[in-house]
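# Structural description and commentary
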Amino acid sequence: MSDAHRRRRRFRLPLAGLFLLFLLGSAARADSGDPWAPFDAPWFDQVGISDGLPHSVTTAIAQDRDGLIWIGTMGGLVRYDGYRLQVFGAGSGKAPGLPDAYVRSLLALPDGSLLIGTNTGGVARFEQADNSFRVYPVGAGGLSDRKIYALGEDHAGGVWIATENGLNHLDLRTDAIRRVDTGPDTSPRNFSVLQDRHGNLWLGNNNGLFVRRAGSDVFVRPSTPDGPAAAVLGNQIWSVMQDREGRLWAGSVQAGAAYRDTDGRWHGVPGFSGYPDGARHSTVRDLLQTAGGAVWIATDGGGVLEYTPGDTGVRRIDHDPAVPSSLPGDSVRALLRDRSGNIWAATDLGVAHHNPQARIAFSLLPSPLEGNALSDTNVHSIFVDSRGRIWLGLGAGHIDVIDLKAGRMRHLHLDGSQTQRDVRSLAEVDGSIWVGTQGLARIDPDTLAIADSVLPALHDKPVLSLRRDGTHLLIGTYDGLYRYDTRSGTLEHASHVPSDPASLASDTVRYIAQVGDDWWYGTSRGLSIARGDSLPRRFINLRHRADDSASLPQDLIGSISRGPHGQVWVSTFDGLGIVDPPVDSESWRFRTVGPAQGLSSNKVTAVLADDHGRFWASLSNGVARIDGDTHEAISLGTRDGLHIASYVNVAAARAPGGELLFGGLGGLTVIRPHWQPSAVATTPLAITNAVVNGVAMPFGKLPASGAKVTLDRGNRNLRLDFALLDYQAPMETAYSYRMDGLDEDWTNIPKGSLPSAIYTSLPHGQYRLRLRAATRGLQPRTVETDLALTVKPRWYETTLSRVVAALLLAVLIATLVHLRTLYLGRQAAQLQRQVDERTRDLLVANRRLDELASTDGLTGVYNRRRFLELARLERERAQAGPSCIALFDLDRFKLINDTHGHLAGDAVIRGAIEVIRQHCRQGDLVGRYGGEEFVLCLPDTPLSLAREIAERICAALAATTVNHDGRPIPVTASIGIAALRPGESIEQWLSRADKALYEAKRAGRNRCAVAS
């Protein structure tokens, strides 16, 4: 966009008029007393179409009795609580609405209602008692015209109404409207009306400014001297305002603005009154005095002009397309200062509000359209030279120079091999400004001429830090530390040597500071301290040690700053380290300031001390102020003026006036440590909407703090929308709510969600609903409001209904018990008979089941599970006496199955068990161990007798032949015998018998073997 186009867009003035205005504006800023004024642009938070406005052109703003903001647009009326926009449009036929959606003027009335002047529908009154609109008549007995330009209080229960076709007066008590005769010199068209504190009625008319003095019925022109003020007053007067000091201000359609002093003399606004060189000014739509005494002049196409009586010029506040926080548009139709001190501007691109109290911090942002804006977003380094100029090293080779005395900023750019390189460090040595980027550049401080790549030895090395040491330049790089003699050209070097613990801690030297006679180097692996000489042979290296809480908090160093009491503050990526440098020893003891002390992040990039013994630190997510004595930290917030959220560069410096400068990812943050905000009215935490049992409550009936609310016997659902009506930093305000008597703890509303308390199906009873808002910043506060809530019981929840229900229930229970007793008596006898029969059957079945569960189905002896149970009992009983176990395995049983079939195998097993049982004594236990294996437990039997029994069984089996299908099948078995040892488990016992069994098989089968 060309400069000429920008000028046409902003002011619609000829080139000469704009140039004069710029010069006068610069002079006014220089005379304001604040050297940062030319750079401190107001920060606007915007509300637009995307937020819910029905039309981008906003035309009027008012704040009602309860603190809600009302916004008039070309598409309807909006009620705003800082979070929610509620739109009211033209009437739909079912319910009366606005007579015209184009709202021109608004006036909040003391009873909480609102007067709305429209473009073609006259005047309507919004009644908060039932959220309805009442339209005043037009014509006989009513308004002179449907087009309403302005509404003004008469301070006696009435309202002045300026219309297209005359001046009217509305008596709010009787709703009577009368027409006011303004005299022959006025035009029927009236743009503005004001009754001042002395009772004089001022009329901004199509023919100029007129006044009706208190006690008179005649409108006359005020006497004015010749000159710019006379040109203003003779022009169409669109706006009139009286300031706190009693001055009267008038804004015209084409001739600018003028003001009448308390002594009755009129003055023009320098550069914005009359017709210099035949130029026409933008229409003055509205006038507003700020808390500081300056007057904002809202223009149609020229943005806002700020002027303080006595200044030599005005300051422009306009739209910058490159800066989202600038005024949304240059056509400003209305201004408002709310009860929290915010200034609101209604523009053609939405409404915006600015908090003038948020001045502890402010941001310099990048913009290619403004001279006093940064040339790049990222501020990598900051340096203040000997003349008090502030040098900013930016990204992509940009360098900005702020001259506070001249009130302007110069923009430089590196060329050649250093173009597009980030400027990471700056220093002043031997009368030149040295620039650390990819290598070194040098700038003449008078001509600002740049010499690129002045030190060939460092041509390809990124320079991270610079510091002056007399005529030497200390240079921190990724390759260690260099010292350059700017006069002799000598270049010395120190680096990290892994085998030398006294060498530089790391080759990455990020920061250089002089502490007394010593030099401190912040590296990526701790601190290196040089005693006396800036480039010694040996360094004192301090690092973080995990086992020592008094060591350096972390090895990645950001910046180093000395406090007023001699301590050194070191910023690291794990908190701030504070140390008192020891004098005669190397015992370094750090104290750490981190999240436990209130820091919002432990990643601290830079730290600076102010003149009051406090420290300010830039963090990865903001800026914090730290008490130098207690080390308690408080994070700055939007209410303090902090708008840049992230700081990752070691960019910080003190300005000549004591301001603290921090470079962030979004621009430069300037901290005014000495500034204290003025007191403002306490902001209420208000309920702004309520829905009870699905029905919205009228605004006039919304409960205030301490009110009593009763929920009738409906579905008992409740929704309360609430907000802290300061309209500042809504995303930083934390909301919560709690229903005492129902909730165990506070319910926190997530960040970004609308503050609402929602309850469904509430039990009947008495409750106390508490709402809370907590703000952050250097002046945090917590605001609460509460309500007494009664939920009525339903008919069946009353005491009487419960007593009656209890009696009926008791009678019913008694009757049922009696009938049940008779029935149960008859049933009991029959049931007893059935039980006796079933018990007998069950005993028989249980005995049969026990047999089936304990015996082997093929042989009738114990199965393995039952045998082991009984054998364990015998083992426990036999700990003091002899007992033996014998394991049997039929020899070559698989061959029997393969030769004669499985039925023959079953017959052999049955025959073998029969032989074993014939040789058992009473008390012996026989079981089938599995397949063709059997087991015999011989209680109270020594090993010798057990062997005899086993050999008899072995012989009997060998002599036995099993006949199957007429074929004789011989049977033999191998037997392993084991005597129980003291302390032996049943498994160990069986294992030894099993080993003996395999010994018998290996010995040739058909024999017995005894376990060792």
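Before reading on, note that the structure itself is shown above.
Let me sum up the structure you'll find in this document. Here the structure is a predicted model, which means the values were calculated and not measured.

## Brief notes about the overall build of the chain
- When helices and strands are counted, the chain shows 9 helices and 71 strands.
- Against the compact-globule benchmark of 31 Å for 1012 residues, the chain has a radius of gyration of 49 Å, which places it well outside the compact range.
- A buried classification covers 53% of the 1012 residues belonging to the chain.
- For the chain, the share of sequence-separated contacts (at least 6 apart) that also reach a separation of at least 24 residues comes to 55%.
- A total accessible area of about 44,200 Å² is found for the chain, and carbon and sulfur atoms account for 50% of it.
- The average position of the 109 basic charges and that of the 110 acidic charges among the side chains of the chain differ by 5 Å.

## Remarks on the packing of aromatic side chains
- Going through the model one piece at a time under the given rule, you end up with 28 aromatic pairs.
- Geometrically, the ring pair formed by Trp36 and Phe39 is edge-to-face, given 6.0 Å between the ring centres and 70° between the ring planes.
- What makes Phe39 buried here is its relative accessible area of 4%.
- Between Tyr83 and Tyr735, the aromatic rings sit 5.5 Å apart at their centres with planes inclined by 80°, giving edge-to-face as the arrangement.

## Focus: a nonpolar patch on the surface
- A cluster of nonpolar side chains, contributed by Leu809, Leu812, Ile813, Leu816 and Val817, occupies part of the molecular surface with about 460 Å² of accessible area.
- Structurally, Leu816 is set in helix H4 (residues 799–854).

## Examining the pattern of salt bridges
- For the coordinates displayed, the defined rule picks out 55 salt bridges.
- Here Asp175 and Arg134 are joined by a salt bridge, their closest N and O atoms 2.5 Å apart. In this pair, Asp175 sits in the loop between strand E12 (166–171) and strand E13 (176–180) while Arg134 sits in strand E9 (residues 132–135), placing the two residues 41 residues apart along the sequence.
- Residue Asp175 is classed as partly exposed on the basis of its relative accessible area of 28%.
- Looking at Arg134, the relative accessible area reads 30%, which means it is partly exposed.
- Residues Arg772 and Glu784 are paired through a salt bridge, measuring 3.1 Å at the closest nitrogen-oxygen approach. Linking Arg772 in strand E63 (residues 765–774) with Glu784 in strand E64 (residues 782–791), this pair joins segments that are 12 residues apart in sequence.

## Topic: the sheet that holds strand E26 (residues 343–347)
- Here 4 strands make up an open sheet; going across it, the order is E1-E27-E26-E25 and the pairing antiparallel. Only two strands of the sheet have a single partner each, and these edge strands are strand E1 (44–47) and strand E25 (332–337). Between one strand axis and the next, the sheet turns through 20° on average, direction left out of account.

## Topic: the sheet that holds strand E14 (residues 190–195)
- The 3 strands lie next to each other as E14-E15-E16, forming an open sheet whose pairing is antiparallel. For this open sheet the edge positions go to E14 and strand E16 (208–212), each flanked by a neighbour on one side alone. For this sheet, the mean angle separating the axes of adjacent strands, direction not counted, is 15°.
- Relative to E16, strand E15 (residues 201–205) is paired through 5 bridges, and the arrangement is antiparallel.

## Let's talk about the nonpolar core
- By size, the foremost hydrophobic cluster in this structure holds 60 residues, and its most contacted members are Trp70, Leu77, Leu106, Leu114, Ile116, Tyr735 and Leu789.
- Once residues lying within four places of it in the same chain are set aside, the contact partners of Leu114 are Ala62, Trp70, Leu77, Leu106, Leu107, Ala108, Ala124, Arg125 and Phe126.
- Residues Leu890, Ile896, Val908 and Val926 belong to the second largest nonpolar core, which totals 32 residues.

## Focus on the environment of Ile61
- Following the sequence through the fold, Ile61 ends up in strand E2 (residues 58–63).
- Distance from Ile61 to Gly72, taken between C-alpha atoms, is 6.2 Å for residues 11 residues apart in sequence.
- Setting aside anything within four residues of it in sequence, one finds Ile61 in contact with Ile69, Trp70, Leu106, Ala334, Leu336, Trp344, Ala345, Ala346 and Val351.

## Regarding the environment of Thr972
- Looking at the element boundaries, Thr972 is found in the loop between strand E69 (967–970) and strand E70 (973–979).
- Once the C-alpha coordinates of Thr972 and Glu932 are considered, the two residues, 40 residues apart in sequence, prove to be 11 Å apart.
- Contact partners of Thr972, with chain neighbours within four places excluded, come to Asp889, Leu890, Asp891, Ala958 and Asn1006.
- Here the side chain of Thr972 touches Asp891 through a polar contact of 2.9 Å, side chain to side chain.

## Topic: the packing of helix H6 (residues 893–900) against helix H7 (residues 902–918)
- Contact pair H6 / H7: the axes reach a minimum separation of 7 Å and the direction vectors enclose 135°. The pairing of H6 with H7 is recorded here as oblique in orientation. Listed contacts from H7 to Phe893, Ile896, Asn897 and His900 of H6 are His902, Ala904, Gly905, Val908 and Ile909.
- Residues belonging to the contact of H6 with H7 are distributed by class as follows: 5 nonpolar, 4 polar and no charged.

## Let's talk about the state of the cysteines
- In this structure the tally under the stated criterion is 0 disulfides.
- With no disulfide partner, Cys884 has as its closest neighbouring cysteine sulfur the one in Cys937, 8.8 Å distant.
- We note that Cys920 lacks a disulfide partner, and the nearest cysteine sulfur, in Cys937, lies 10 Å from it.

## So, the pairing of strand E3 (residues 69–73)
- With 5 of 5 residues buried, E3 lies mostly within the body of the structure.
- Because side chains alternate across E3, one face comprises the buried residues Ile69, Ile71 and Thr73, and the other comprises Trp70 and Gly72, equally buried.
- Taken together, the 5 bridges between E2 and E3 define a ladder with antiparallel strand orientation. Bridge pairing in E3 links Thr58 to Thr73.
- Joining the antiparallel neighbours E2 and E3 is a turn of 5 residues, in which Gly67 adopts a positive phi near 100°.
- Two strands pair when backbone bridges link them, and E3 and strand E4 (residues 76–80) are joined in this way by 5 bridges, in the antiparallel orientation. Bridging across to E4, Ile71 finds its partner in Val78.

## Observations concerning the pairing of strand E47 (residues 575–579)
- E47 sits mainly inside the fold: 5 of its 5 residues count as buried.
- With 5 bridges joining them, strand E46 (residues 568–572) and E47 adopt antiparallel strand pairing. Bridge pairing links Val568 to Val579 in E47.
- Turn length for the E46-E47 hairpin, with the two strands adjacent in sequence and antiparallel, is 2 residues.

## Brief notes about helix H8 (residues 943–958)
- Here H8 spans 22 Å end to end across 16 residues, near enough to the 22 Å set by a 1.5 Å rise per residue.
- Every buried residue of H8 is accounted for by Ala946, Ile949, Ala950, Ile953, Cys954 and Leu957. Buried residues of H8, seen end-on, are gathered within an arc of 140° and therefore sit on one face of the element.
- Tucked inside the fold, the buried residues of H8 contact strand E65 (883–890), H7, strand E67 (933–939), E70 and strand E71 (1008–1010).

Conventions we followed
- Residues numbered from 1 in each chain as written.
- Predicted model: local features only at pLDDT ≥ 70, side-chain atom pairs only at ≥ 80, totals over all residues.
- Heavy atoms only, no water.
- Helix = DSSP H or I, 4+ residues; strand = E, 2+ residues; numbered from the N terminus.
- Rg over C-alpha atoms; globule rule 2.2 N^0.38 Å.
- Buried < 20%, exposed > 50% of the residue type's maximum accessible area, 1.4 Å probe, protein only.
- Contact = heavy atoms within 4.5 Å.
- Areas by Shrake-Rupley, 256 points an atom, 1.4 Å probe, with all protein chains shown as cover.
- Lys, Arg positive; Asp, Glu negative; His and termini not counted.
- Charge placed at Lys NZ, Arg CZ, Asp CG, Glu CD.
- Phe/Tyr/Trp six-rings, centres within 6.5 Å; stacked < 30°, edge-to-face > 60°.
- Patch = residues over 30% accessible without salt bridge, like charges linked within 9 Å, V, L, I, M, F, W, Y side chains within 5 Å.
- Salt bridge = Lys/Arg side-chain N within 4 Å of Asp/Glu carboxyl O.
- Pairing = 2+ DSSP bridges.
- Axes fitted to C-alpha atoms, helices over the stretch in contact; angles between N-to-C directions.
- Core = buried A, V, L, I, M, F, W, Y, C linked by side-chain atoms within 4.5 Å.
- Polar contact = N/O pair within 3.5 Å; in protein donor to acceptor, adjacent residues only side chain to side chain.
- Parallel < 35°, antiparallel > 145°, perpendicular 65-115°, else oblique.
- Nonpolar A, V, L, I, M, F, W, Y, C, P; charged D, E, K, R; others polar.
- Disulfide = S-S within 2.5 Å.
- Expected span 1.5 Å × (residues − 1).
- Arc of directions from axis to C-beta.

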